[in-house]
Amino acid sequence: MLKLDLSYLNDFIDLAEIEAMQPMLQTSRQILENGTGAGAEYLGWLDLPLNYDRGEFARIKELAAEIRDHSDVLIVCGIGGSYLGARAVIEALADPFSALRPVSTRDNPLIIYAGHHLSGRYLNSLLSALSDYRVTLNIISKSGTTTEPAIAFRILEQWMIDRYGLDGARKRIFATTDKEKGALKQLADIRGYETFVVPDNIGGRYSVLTAVGLLPIAVAGISIDDLMAGAVQARENYSTPLLWENDCDLYAVTRNVLQKRGYTTEILVNYEPGLNYVSEWWKQLFGESEGKDGRGLFPASMNFTTDLHSLGQYVQDGRRILLETVLQIETLREDILINESEENLDGLNYLAGKSLGEVNHKALYGTLMAHVAGGVPVQLLKMSELSAYSLGELMYFFQRACGISGYLNSVNPFDQPGVENYKNNMYALLGKPGYETARAELEKILFPKEDEVR
C-alpha cells in the first residue's frame with residue numbers, strides 16, 4: 001500500500017494553502033473524470049485497470065511463456081513511453097545480474113533495449129554479441145515511423161531474417177502498434193508478424209499497463225496479474241473526492257503549492273538502485289505532460305546514497321529551488337547482514353549484526369532531516385514493499401496525479417507539441433523529402449559562407 005507522508009512539509013506549506021486549492025482541485029478532478037478538458041481523447045488509461053482487453057491479456061501471457069521457452073534474449077525496440085514503463089518494472093524486480101549467470105541457469109530471457117537512441121556503436125556491439133543466443137524481437141511503435149526505433153528495427157529485422165529466415169523470423173518478431181493503420185502495422189501484415197495493440201485513446205507515456213509494457217514485463221517473468229491488481233487498487237483508493245483521504249490528489253496539490261512558492265525543480269529520490277528507471281519513466285511522464293506554455297516543475301531524479309557523494313552538496317547548500325519526493329520501500333524481501341571484523345580497521349564494528357537495509361533506512365531519514373533543516377521541502381512516498389503489485393499502485397498513482405496536476409497548471413497533460421520542433425529540424429538536416437526550404441534556412445545558420453559571416 002502507498003502512503004504519502006507530508007509531515008516534513010510543515011515549515012514550507014501552510015494548511016490554509018492546501019485548503020485554498022480545493023476549488024481548483026475539484027474542477028480539475030471533474031475535468032479529468034468527465035473527460036471535458038484538453039486531451040480528453042487520451043484518457044483511456046484512467047479506467048484501463050478495469051476494462052482492459054482480457055483476450056489480448058491472455059494472449060500476452062501465452063506468448064510470454066513461449067518466448068521464455070525458446071529465447072535467451074528479448075530485444076525491446078522502442079523509445080520514450082514505448083519502453084520506459086516496461087524497463088522501469090523489469091529493472092525494479094528482475095535479477096540485476098542476470099547477464100552474469102549462465103544461460104542454462106536463467107529463469108527468464110535477458111531483456112535488452114534498442115531503438116532508444118541513435119548510437120551506431122551501441123547497435124553494432126549488440127548485434128555482435130547476439131550470435132550465441134536465441135533471440136526474440138518486440139518492436140513497439142504506434143506509427144512505425146519514429147526515427148530512432150524505426151532505424152533500429154530496420155537493421156534488427158534484417159539481422160533476424162538473415163539468421164532465422166523469414167519463416168523463422170515470423171515466430172520471433174512481434175509488433176506492438178496501431179490496431180489498423182500506420183507503417184509498422186502495414187509491414188507486420190505484409191511479413192506475417194503477430195501484433196498487439198497500442199490503444200488510440202492512450203498516449204505513450206501512459207501506456208505501461210497496455211501491451212506496450214505488459215508483453216516485455218511478462219517475458220521477464222513478472223506477474224502482470226499482480227501489476228494490474230495494484231493499479232485496480234490504486235484506482236479505487238484515489239477515486240474519493242475527500243482531499244485528506246486521497247494521497248494522489250494531495251501530491252498533485254502540494255507540488256503545485258510549492259511551485260507557486262518559487263520552487264522550480266522536483267527531484268524524485270530513491271534509495272534502491274532498481275528504481276532508477278522508475279525515475280526515468282516518471283521524468284518523461286511529468287516532463288512531457290506539464291512542461292509547456294512556460295509552466296511546470298522541472299522533473300529530475302537522484303539515486304541515493306550514490307548521488308549524495310556527487311550532488312548532495314548542491315541539494316544541501318545550493319539554490320533553494322528544489323523540492324524532493326522520496327520513494328521509501330518499507331520492507332525489503334532480500335537483505336544482507338554486516339559481519340564483524342577482528343581488526344575493525346574501518347571502524348564499522350558498531351554496525352555488526354545490522355542489515356544493509358537497516359543502514360539504508362537510517363541514511364534515508366538522516367538525509368531527509370538534513371535537507372529539511374537546510375531548507376529543502378521533502379515529501380515521503382512510502383511503498384510497503386517492492387513488488388509487481390506495489391509498482392502497479394505507484395504507476396497509477398503518478399499517472400492520475402500527473403493528469404490532475406496538469407489541469408491545475410492549466411495545460412493539456414496529454415500532448416507534447418514541443419517534441420516536434422527538434423524532429424522537424426533533424427528531418428530537414430537529414431534531407432527528408434518535403435523539408436528542402438527548412439534545410440536551406442538551417443544550413444545558412446549552421447554553416448554560413450565566409451561572405452555572410454562578414
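First, a word on what this report is: a plain description of the structure on this page. What you are looking at is a predicted structure, and each value in this text was computed from that prediction instead of being measured. Counting starts from 1 at the beginning of each chain's written sequence and moves along it residue by residue. Predicted model: local features are reported for residues with pLDDT of at least 70 only, side-chain atom pairs are reported and counted for 80 or more only, and whole-chain, interface and lining totals are derived from all residues. Hydrogens and waters are ignored; side-chain quantities use all the structure's heavy atoms.

1. Thoughts on the overall build of the protein
Phase 1 of the analysis: Helices and strands together make up the secondary structure of the protein, namely 18 helices and 10 strands.
Phase 2 of the analysis: Each radius of gyration is computed over the set of C-alpha atoms, and the globule rule expresses the reference value as 2.2 Å times the number of residues to the power 0.38. Relative to its length of 454 residues, the protein is compact, with a C-alpha radius of gyration of 24 Å against a globular reference of 22 Å.
Phase 3 of the analysis: Seen through its principal axes, the protein has C-alpha atoms that stretch 65 × 60 × 60 Å.
Phase 4 of the analysis: Taken across its 454 residues, the protein has 50% of its residues classed as buried.
Phase 5 of the analysis: Whether two residues touch is decided by their heavy atoms; if any such pair falls within 4.5 Å, the residues are in contact. A fraction of 78% describes how many contacts in the protein between residues 6 or more apart in sequence connect residues 24 or more apart. In DSSP terms, a helix is any run of H or I states spanning at least four residues, a strand is any run of E spanning at least two, and both are numbered starting from the N terminus. Burial classes: relative accessible area under 20% of the type maximum marks a residue as buried, over 50% as exposed, and values in between as partly exposed (1.4 Å probe, protein chains only).

2. Examining the packing of aromatic side chains
Phase 1 of the analysis: Two rings from Phe, Tyr or Trp (for Trp, the six-membered ring) form a pair when their centres are within 6.5 Å of each other. A pair whose planes differ by under 30 degrees is stacked, one over 60 is edge-to-face, and the rest are tilted. This model, assessed by the stated rule, comprises 17 aromatic pairs.
Phase 2 of the analysis: Note on W282 and F286: the rings are 5.5 Å apart at their centroids and 45° apart in plane angle, and the pair reads as tilted. Here W282 pairs with F286, and both are found in helix 12 (residues 276–290), just 4 residues apart, close to one helical turn.
Phase 3 of the analysis: To sit over a ring, a charge needs its Lys NZ or Arg CZ within 6 Å of the ring centre and within 35 degrees of the ring normal. Here the guanidinium or amino end of R87 rests over the ring plane of Y277, the centre of that ring lying 4.1 Å away.
Phase 4 of the analysis: The ring of Y427 has K432 lying over it, and the distance from NZ or CZ to the ring centre is 4.1 Å.

3. A short note on helix 8 (residues 183–191)
Phase 1 of the analysis: L184, K185 and A188 are the residues of helix 8 that are buried. Angularly, the buried residues of helix 8 cover 100° about the axis, an arc narrow enough to put them on a single face. Turned more than 90 degrees off the buried face of helix 8, the exposed positions are Q186 and I190.
Phase 2 of the analysis: Buried residues along helix 8 sit in contact with strand 4 (135–140), helix 7 (147–170), strand 5 (173–177) and strand 6 (194–197).
Phase 3 of the analysis: Directly after helix 8, the chain includes G192, whose backbone phi takes a positive value near 90°. It is the directions from the helix axis to the C-beta atoms that the arc portrays.

4. Focus on the sheet that holds strand 1 (residues 2–5)
Phase 1 of the analysis: Here the rule is simple: two strands pair whenever DSSP picks up at least two bridges between them. The strand order across the open sheet built from 5 strands is 1-10-9-7-8, with neighbouring strands paired in mixed fashion. With partners counted over all chains shown, the strands left at the sheet margins are strand 1 and strand 8 (298–303), one partner each. Averaged over neighbouring strand pairs, the angle between their axes works out to 20° when direction is ignored.
Phase 2 of the analysis: Pairing geometry for strand 1 and strand 10 (residues 378–385), over 4 bridges, is antiparallel. When the sheet's bridge partners are listed, D5 is paired in strand 10 with L380.
Phase 3 of the analysis: Under this scheme, a helix contributes an axis fitted over its contacting stretch, all axes are lines through C-alpha atoms, and angles between N-to-C directions fall in the 0 to 180 degree range. Docked against the sheet, helix 12 engages strand 7 (265–270), strand 8 and strand 9 (322–331), running at close to 175° with respect to strand 8.
Phase 4 of the analysis: Packed on one face of the sheet, helix 14 (residues 356–373) meets strand 9 and strand 10 and runs near 160° to strand 9.

5. Some details on the packing of helix 5 (residues 84–93) against helix 15 (residues 388–408)
Phase 1 of the analysis: Relative to each other, helix 5 and helix 15 sit at 145°, their axes nearing to 11 Å. Seen along the crossing, helix 5 lies across helix 15 with a hand that is right-handed. Of the residues in helix 15, those in contact with G85, A88, V89, A92 and L93 of helix 5 are A388, L391 and M395.
Phase 2 of the analysis: Each residue receives one of three labels: charged for Asp, Glu, Lys and Arg, nonpolar for Ala, Val, Leu, Ile, Met, Phe, Trp, Tyr, Cys and Pro, and polar for the others, Gly being one of them. Within the contact of helix 5 with helix 15, the residues separate by chemical class into 7 nonpolar, 1 polar and no charged. Crossing handedness is read from the near helix: turned anticlockwise from the far helix by less than a right angle, it gives a left-handed crossing, and turned clockwise, a right-handed one.

6. Here we look at the sheet that holds strand 2 (residues 73–77)
Phase 1 of the analysis: Taken together, the 5 strands give an open sheet; going across it, the order is 3-2-4-5-6, and neighbouring strands pair in parallel fashion. At either end of the open sheet lies a strand with only one pairing partner, and these are strand 3 (110–114) and strand 6. Each strand of the sheet is rotated relative to its neighbour by a mean of 20°, with strand direction disregarded.
Phase 2 of the analysis: Alignment of strand 5 against strand 6, held across 4 bridges, turns out to be parallel. Bridging from a neighbouring strand, T177 pairs with V197 of strand 6.

7. Looking at the side chain of T367
Phase 1 of the analysis: Relative to the assigned elements, T367 resides in helix 14.
Phase 2 of the analysis: A relative accessible area of 12% means that T367 is categorised as buried.
Phase 3 of the analysis: When sequence neighbours within four positions are dropped, the list of residues in contact with T367 reads Y271, F304 and L308.

8. Section: the nonpolar core
Phase 1 of the analysis: In terms of nonpolar packing, the biggest core is built from 107 residues, with W45, I217, W281, L391, L394 and F398 touching the most fellow members.
Phase 2 of the analysis: Here this core gets 12 residues from one element, more than from any other, and that element is helix 15.
Phase 3 of the analysis: The residues touching I217, leaving out its near neighbours within four places in the chain, are A86, V89, I90, V208, I222, I224 and L227. What makes a nonpolar core is a set of buried Ala, Val, Leu, Ile, Met, Phe, Trp, Tyr and Cys residues whose side-chain atoms join them at distances within 4.5 Å.

Any functional reading would require information beyond the geometric quantities listed.
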